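One-letter residues, chain by chain:
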Amino acid sequence: MTGLTRIVTADQMRVIEDRSEAAGVSKDLLMENGGLEVAKRVRHYTSPLTGKSALILVGSGNNGGDGLVVARHLHKWGVRVHVYLCRKRPDTDPKLELLVNTGITITRQWEDDRLKSLSKALAKAHLVIDSVLGTGRARPIEAPLKEILQLASEAKALRPDLFVLALD
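Attention here is on the structure that accompanies the text. (Residues numbered from 1 in each chain as written. Predicted model: local features only at pLDDT ≥ 70, side-chain atom pairs only at ≥ 80, totals over all residues. Heavy atoms only, no water.)

## Overview of unusual backbone geometry
Next, step 1: A cis amide bond, omega -5 degrees, links S47 with the succeeding residue P48.
Next, step 2: Turning to its location among the elements, P48 is positioned in the loop between α2 (27-46) and β1 (53-58).
Next, step 3: The phi torsion at N101 lies on the positive side, around 70 degrees, for a residue other than glycine.
Next, step 4: Position of N101 relative to the elements: it lies in the loop between α4 (94-97) and β3 (105-108).
Next, step 5: A positive phi angle, near 55 degrees, is found at R114, a position not held by glycine.
Next, step 6: The residue R114 is located in the loop between β3 and α5 (116-124) in this model.
Next, step 7: For R114, a relative accessible area of 66% corresponds to the exposed category. (Helix = DSSP H or I, 4+ residues; strand = E, 2+ residues; numbered from the N terminus. Buried < 20%, exposed > 50% of the residue type's maximum accessible area, 1.4 Å probe, protein only.)

## Comments concerning the layout of surface pockets
If a probe the size of a water molecule is rolled over the atoms, the empty space left behind becomes visible.
Next, step 1: Volume-wise, the second largest pocket comes out at about 200 Å³.
Next, step 2: S53, R80, V81, H82 and T105 are, among the 14 residues lining the second largest pocket, the residues nearest its centre.
Next, step 3: Listed by contribution, the elements that provide at least two residues to the lining of the second largest pocket are β1, β2 (80-85) and α5.
Next, step 4: Classifying every residue of the lining of the second largest pocket by side-chain character gives seven nonpolar, five polar and two charged. (1 Å grid on protein atoms, 1.4 Å probe; cavity = no way out; pocket = protein on both sides within 12 Å on 5 of 7 lines; lining within 4 Å. Points joined across faces, edges and corners; volume = space filled by probe spheres on them. Nonpolar A, V, L, I, M, F, W, Y, C, P; charged D, E, K, R; others polar.)

## Some words on the environment of V132
Next, step 1: Within the fold, V132 resides in the loop between β4 (127-131) and α6 (145-158).
Next, step 2: Measuring from C-alpha to C-alpha, the distance between V132 and L167 comes to 8.0 Å, with 35 residues separating the pair along the chain.
Next, step 3: Leaving out residues up to four positions away in the same chain, V132 has contacts with L57, V58, G59, N63, C86 and L145. (Contact = heavy atoms within 4.5 Å.)

## Examining the nonpolar core
Next, step 1: Counting residues in each nonpolar core, the largest one holds 20 residues, and the members touching the most others are I56, L74, V81, V83 and I129.
Next, step 2: Those elements that provide at least two residues to this core are α2, β1, α3 (62-76), β2 and β4.
Next, step 3: Considering every element that reaches this core, the biggest residue donor is α3, with four residues.
Next, step 4: If we skip the residues at most four places from it in the chain, V81 touches A54, I56, A71, L74, H75, I104 and T105.
Next, step 5: If you look at the next biggest cluster of nonpolar residues, it comprises 16 residues, including L115, L118, L122 and A152. (Core = buried A, V, L, I, M, F, W, Y, C linked by side-chain atoms within 4.5 Å.)

Structure below.
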């Protein structure tokens, strides 16, 4: 399937993931493989990575897990990574636990007074990866997530060279 891009709906993606799991490929392995491939694409489009700064916006679901995998690989390749948890993650979160004690900055939105840390991270970032919302989102976006995404959008408008990538 090299060179072929296939666009699927959210429902089709869920069926593909369920079939993969039924065939013995776990959703965790899909997340690991997907996160690695995204990190490779980022490396391809933004090389050299060393010395660059990445802000990874992370949601509560599997899409956020993908972002945590991307963060781990980018950090390993020399990127200064800042993970910004936009929503609470599960109590036991192996993907997040792998980042603890690596030197990656992790900020929790609910501990970020008036989103000051987010604003500082956006100002320093060479790239922003949005792994907040996945295929399951069907409601309007409300505060504080609305403000977080608005700040990211404003940063891109002010700095057209800011590399922004949304995962889904």
